[in-house]
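Breakdown of the fold
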Amino acid sequence: DLTINKIAAGEVVESPHSVVKELVENAIDAASSAIILEIQEGGKKYIRITDNGVGIKEEYVEAAFMRHSTSKIAHIEDLSRVESLGFRGEALASIAAVAQVEMITRPEGQQHGVLIHINGGKVETIKKVGCPVGTTIIVKNLFFNTPARLKFLKSNNGETMKITEIITRLSLSNPSISFKYINNNNIMFTTPGNNMLSQAILSVFNKETFKNLILLEDHQEGMTLHGYIGQPSFVRGNRNLQIVFINGRYVKNKVISRAIEVAYKEKIMINKYPICILNLKIHPSVLDVNVHPAKIEVKFEDEEKVYHFILKAILKALEKQSI
Ligand code: ADP
Ligand code: MG
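Residues numbered from 1 in each chain as written. Chains lettered and ligands numbered in written order. Predicted model: local features only at pLDDT ≥ 70, side-chain atom pairs only at ≥ 80, totals over all residues.

Under an unreviewed UniProt entry, the chain has the name DNA mismatch repair protein MutL and belongs to Alkaliphilus oremlandii. What UniProt records for the chain under Function (unreviewed entry) is the sentence "This protein is involved in the repair of mismatches in DNA. It is required for dam-dependent methyl-directed DNA mismatch repair. May act as a 'molecular matchmaker', a protein that promotes the formation of a stable complex between two or more DNA-binding proteins in an ATP-dependent manner without itself being part of a final effector complex." As its UniProt record puts it under Sequence similarities (unreviewed entry), the chain is described as follows: "Belongs to the DNA mismatch repair MutL/HexB family." (UniProt positions renumbered as here; feature names shortened; annotations may be inferred.)

1. Topic: the overall build of the chain
Looking only at helices and strands, the chain has ten helices and 17 strands in total. A burial count over the chain gives 36% of its 323 residues as buried. Looking at the chain alone, contacts between residues at least 24 apart form 66% of all its contacts between residues at least 6 apart. (Helix = DSSP H or I, 4+ residues; strand = E, 2+ residues; numbered from the N terminus. Buried ≥ 20, exposed ≤ 12 C-beta atoms within 10 Å, placed from the backbone. Contact = placed C-beta atoms within 7 Å.)

2. Comments concerning helix α2 (residues 16-29)
Residues spaced three or four apart along an α-helix face the same direction, because each turn holds 3.6 residues. Taking 1.5 Å of rise per residue, the 14 residues of α2 would be expected to cover 20 Å, and the 20 Å separating its terminal C-alpha atoms lies within 8% of that figure. Of all 14 residues in α2, twelve are buried; the element is thus mostly enclosed. Of the residues making up α2, those classed as buried are Pro16, His17, Ser18, Val19, Val20, Lys21, Glu22, Leu23, Val24, Asn26, Ala27 and Ile28. Just beyond α2, the residue with positive phi is alanine 31, at close to 60 degrees. (Expected span 1.5 Å × (residues − 1).)

3. Description of the sheet that holds strand β5 (residues 122-129)
Ordered in space as β5-β4-β3-β6-β2-β1-β7-β8, the eight strands form an open sheet in which the pairing is mixed. Strands at the two margins of the open sheet, each flanked by one partner only, are β5 and β8 (186-190). Within this sheet the neighbouring strands show an average axis-to-axis angle of 10 degrees, counted without direction. Looking at chain direction, strand β2 (residues 46-51) and strand β6 (residues 134-140) are connected through six bridges and run antiparallel. Paired with tyrosine 46 across the strands is lysine 140, a residue of β6. Packing of α2 onto the sheet brings it into contact with β1 (34-40), β2 and β6, and relative to β2 it is tilted by some 10 degrees. (Pairing = 2+ DSSP bridges. Axes fitted to C-alpha atoms, helices over the stretch in contact; angles between N-to-C directions.)

4. Re the nonpolar core
If you look at the biggest cluster of nonpolar residues, it comprises 41 residues, and the most contacted ones within it are Val24, Ile95 and Ala96. Ignoring anything within four residues of it in the chain, the contact list for isoleucine 95 reads Val13, Val19, Glu22, Val101 and Val139. Counting residues in each nonpolar core, the second largest holds 30 residues, with Leu172, Val204, Ile275 and Leu280 among its members. (Core = buried A, V, L, I, M, F, W, Y, C linked by C-beta atoms within 7 Å.)

5. Notes on the packing of helix α6 (residues 156-173) against helix α7 (residues 197-204)
Interhelical geometry of α6 versus α7 gives an angle of 160 degrees and a closest axis separation of 9 Å. The orientation of α6 with respect to α7, classified from their angle, is roughly antiparallel. Note on packing geometry: the crossing formed by α6 with α7 is right-handed. Note on element contacts: α7 touches α6 through Ala200, Ile201 and Val204, opposite Thr168, Ser171 and Leu172. (Parallel < 35°, antiparallel > 145°, perpendicular 65-115°, else oblique. Left-handed = near helix turned anticlockwise from the far one by under 90°.)

6. Some thoughts on the pairing of strand β3 (residues 100-106)
Across the seven residues that make up β3, a large majority, five, are buried. With six bridges connecting them, β3 and strand β4 (residues 113-119) associate as antiparallel partners. Of the residues in β4, the one forming a bridge with methionine 103 is isoleucine 116. The turn joining β3 and β4, which pair antiparallel and follow one another in sequence, is formed by six residues; a positive phi near 85 degrees is taken by glycine 109. With seven bridges connecting them, β3 and β6 associate as antiparallel partners. Counterpart to glutamine 100 in the pairing with β6 is lysine 140.

And the structure:
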């Protein structure tokens, strides 16, 4: 039902940046090795994501845009083992309800691709086309049919900033994928996708930022921490560039955030936030991956142990730097 979709869309899709997040995560889930994101006017007018992932089989293309259709979980008990970023099967349906969406997709081994046009939740066109393997999705005129929501969007600059943060985070937490980000016809960055975090960081930020980062490498019984942290003189007013992944996957975790902040506060006595891009490797058996509807949260069996390990590792790295 179109109305239900339009109302429910508000939960998943409240802005151009949430659309970008959902669609880039779909491209990552599709095992892509190269992803292109292009936006115009803060994503309000135009968002395009092109990937070279698994594509969608012809017979499933229309179904992919229906609410609660997901190829990612078969049973509710699968939720605890879910590997992919998205699993609710709501993003495509929600986005298509409140925008003009065009998708072209082809899986390997299928001769032709499929083009589908959906306008405010209504399928306008669906036909066979020639195209490379993978998926391109274009979202035009977001919220064209919900003017109330359009009014509450940030300025183009504000939305662009949010989108830049999201694509930065996703690029850095997936250094094995090549990301290209284009904003208003300007290439903002291209990462090599060669699985080297340092090179992904260099591509995403400028050389100046990279020079202000300290390499961190530490380990302690079954835990390894690797990545980069900002010089104490190089801090920000918000946490948006605190990027932590556990076993290569972007997560939110309060214990780690607290360790980072306590370390900097102890060292430099300020209440600002460093840039950090950190990957914690830890045995999955001591992790409890809690699948929250909107984000991925992780709990540790022994929180104190992880907290002290990270706190010490950061203090050590900052200490070395100040000698
Ligand atoms: P979810 O990601 O929660 O499963 P979505 O609404 O985001 O739900 O997507 C619905 C389905 O469409 C996915 O489960 C997946 O099968 C398919 N899909 C969406 N985007 C892509 C893509 N870029 N490549 C391949 N399949 C895709
Ligand atoms: Mg999804």
